[in-house]
Amino acid sequence: MSDSITAKVFRYDPSVDEAPYYSTYEVPWDDDGSGTMTGLQVLNYIYENEEPIVVDYNCRGGLCGRCGMVIDGKPCLACHTSLDAGEHTFEPLGDLPVIRDLMVDRAPFMQKFVASEVAKKTVEPIAGAGNLDFDLYWNTFERLNSCRECMCCYEACPALTERNDWDFVGPGAMMQIAYRALDPYDEGDRVKQAVFSGLWRCDLCGKCMLVCPAQIDHVGLLTQLQTMAEQQGLKPTDPSAFPSAPVEKQEPAAEADASAPAFNGVNPEEIMANLCGDCHEASELMAYKVDAATAESRVKSHASSAAALSEEQQAALIAQFTE
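Residues numbered from 1 in each chain as written. Predicted model: local features only at pLDDT ≥ 70, side-chain atom pairs only at ≥ 80, totals over all residues. Heavy atoms only, no water.

## Comments concerning the overall build of the protein chain
Secondary structure summary: the protein chain contains 13 helices and 9 strands in total. Taking all 323 residues of the protein chain together, 45% fall into the buried category. Counting contacts in the protein chain only where the partners sit at least 6 residues apart, residues at least 24 apart contribute 65% of the total. Carbon and sulfur atoms provide 48% of the accessible area of the protein chain, an area that totals close to 16,700 Å². (Helix = DSSP H or I, 4+ residues; strand = E, 2+ residues; numbered from the N terminus. Buried < 20%, exposed > 50% of the residue type's maximum accessible area, 1.4 Å probe, protein only. Contact = heavy atoms within 4.5 Å. Areas by Shrake-Rupley, 256 points an atom, 1.4 Å probe, with all protein chains shown as cover.)

Structure, rendered in structure tokens:
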């Protein structure tokens, strides 16, 4: 195969360079029969044949999470991302200090994981492992245990990257809190912990789920936590506590109905573009499918926090997101 990959790679050595820059490399196609090359294959070729570049990786099998970066604008694992021939851009995870080139200091995000106190909390010493419901273990806990701590979900989260809302502990750490909230043997008050870790700052956009290599159901678990919090009377009543509500008071037009939605269309993609267009690509969110109860909970959460959806719009979105 005569095709090649043109790799545009972020370069930066803070000890030498005044500012980041990009270098472009031509990488010959490695025809192994798969029809694609991984991002890590491309970077290893550059390192071995062009010049040293700094990349953090270990397992090369999508398990350790250390090669998390942004390829073509999407957070991903380089070893797990297949590329076609053509031009591709490689950048480090944003909002983290760059150690050099594509390697970042993950400590700011990892501190959120540590703060979640994922270790089981019990009053008495743990004497042994208890039995777990098979469905809970296999379909929830086993998936959560597969978290690579790659930080792709943090890179994708608009609450952190666009709103800079660090009252929210982040998708990954919130999943650890959800793990223990659902653990029948954990005796900590995990629902209250979730609330004070910014549970209601999440708008359930689902972008974290779209980039998760472990395919963790972030939205489903966050929805469960929000439902549990609401049942315990832990849902804020102040509109400014929600991410999509205006912080500053907006005076309505003289004769406008303040309770009416600003957009009246019922096409699901147009609704999402109007509701979330500042943060997300509506077309990406259309692929999200869950069971009917989760879809309704997600849509109702948007409606109650943003006060932006009519009953007809809510029904259209619930139908769109139900698998």
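Here the narrative resumes, following the displayed structure.
## Considering the confidence of the model for the protein chain
Across the protein chain, the average pLDDT comes to 83, with 83% of residues at or above 70. Segment residues 245-262: pLDDT under 50, and 6 contacts once partners within four positions in sequence are set aside and those in other chains are kept. (pLDDT = per-residue confidence, 0-100.)

## Quick look at the pattern of salt bridges
According to the stated counting rule, one finds 11 salt bridges in the structure shown. For Asp56, the salt bridge identified is with Arg66, shortest N-O distance 2.7 Å. A residue pair is termed long-range when its members are at least 10 positions apart, and Asp56 in the loop between helix H1 (39-49) and strand E4 (68-71) and Arg66 in the loop between H1 and E4 qualify at 10 residues. For Arg66, a relative accessible area of 38% gives the class partly exposed. In this structure, Arg190 and Asp186 form a salt bridge, with 3.1 Å as the shortest nitrogen-oxygen distance. (Salt bridge = Lys/Arg side-chain N within 4 Å of Asp/Glu carboxyl O.)

## Some details on the nonpolar core
Membership of the largest hydrophobic core comes to 41 residues, with the highest contact counts inside it found for Tyr154, Met174 and Leu199. Counting only elements with at least two residues in this core, the list comes to helix H2 (107-115), helix H3 (134-145), helix H4 (152-156), helix H5 (158-161), helix H6 (171-182), helix H7 (190-196) and helix H9 (218-231). Apart from residues no more than four positions distant in its own chain, Met174 is found in contact with Phe168, Val169, Ala194, Ser197, Gly198, Leu199, Leu222 and Leu225. (Core = buried A, V, L, I, M, F, W, Y, C linked by side-chain atoms within 4.5 Å.)

## Considerations on the packing of H3 against H6
Running from N to C, H3 and H6 cross one another at 150°; their axes reach a closest spacing of 10 Å. Classified by the angle between their axes, H3 and H6 sit roughly antiparallel to one another. As for how H3 packs across H6, the hand of that crossing is left-handed. Within the contact between the two elements, H3 uses Leu136, Thr140, Phe141, Leu144 and Asn145 and H6 uses Met175, Tyr179 and Leu182. Residue composition of the contact of H3 with H6, by class: 6 nonpolar, 2 polar and no charged. (Axes fitted to C-alpha atoms, helices over the stretch in contact; angles between N-to-C directions. Parallel < 35°, antiparallel > 145°, perpendicular 65-115°, else oblique. Left-handed = near helix turned anticlockwise from the far one by under 90°. Nonpolar A, V, L, I, M, F, W, Y, C, P; charged D, E, K, R; others polar.)

## Here's the deal with the sheet that holds strand E2 (residues 21-28)
With respect to topology, 5 strands assemble into an open sheet ordered E2-E1-E7-E4-E5, the strand pairing being mixed. Only two strands of the sheet have a single partner each, and these edge strands are E2 and strand E5 (74-77). Pairs of neighbouring strands in the sheet enclose a mean axial angle of 35°, with direction left out of account. Pairing between strand E1 (residues 4-11) and strand E7 (residues 86-91): 5 bridges, direction parallel. Looking at E7, one finds that Val9 is bridged to Phe90. The strands that H1 touches are E1, E2, E4 and E7; relative to E2, the one it contacts most, it runs at about 100°. (Pairing = 2+ DSSP bridges.)

## A few points about unusual backbone geometry
One non-glycine residue, Arg60, lies in positive phi territory at about 65°. Along the chain, Arg60 turns up in the loop between H1 and E4. Within the chain, Met151 stands out as a residue other than glycine whose phi angle is a positive 75°. With respect to the helices, strands and loops of the structure, Met151 is situated in the loop between H3 and H4.

## Points about the side chain of Arg201
Tracing the chain through its elements places Arg201 in the loop between H7 and helix H8 (207-211). For Arg201, the side chain forms a polar contact with the side chain of Asp165, separated by 2.6 Å. With sequence-adjacent residues up to four places away left out, Arg201 is seen in contact with Ala159, Arg163, Asp165, Asp167, Phe168, Ser240, Ala241, Phe242 and Pro243. (Polar contact = N/O pair within 3.5 Å; in protein donor to acceptor, adjacent residues only side chain to side chain.)

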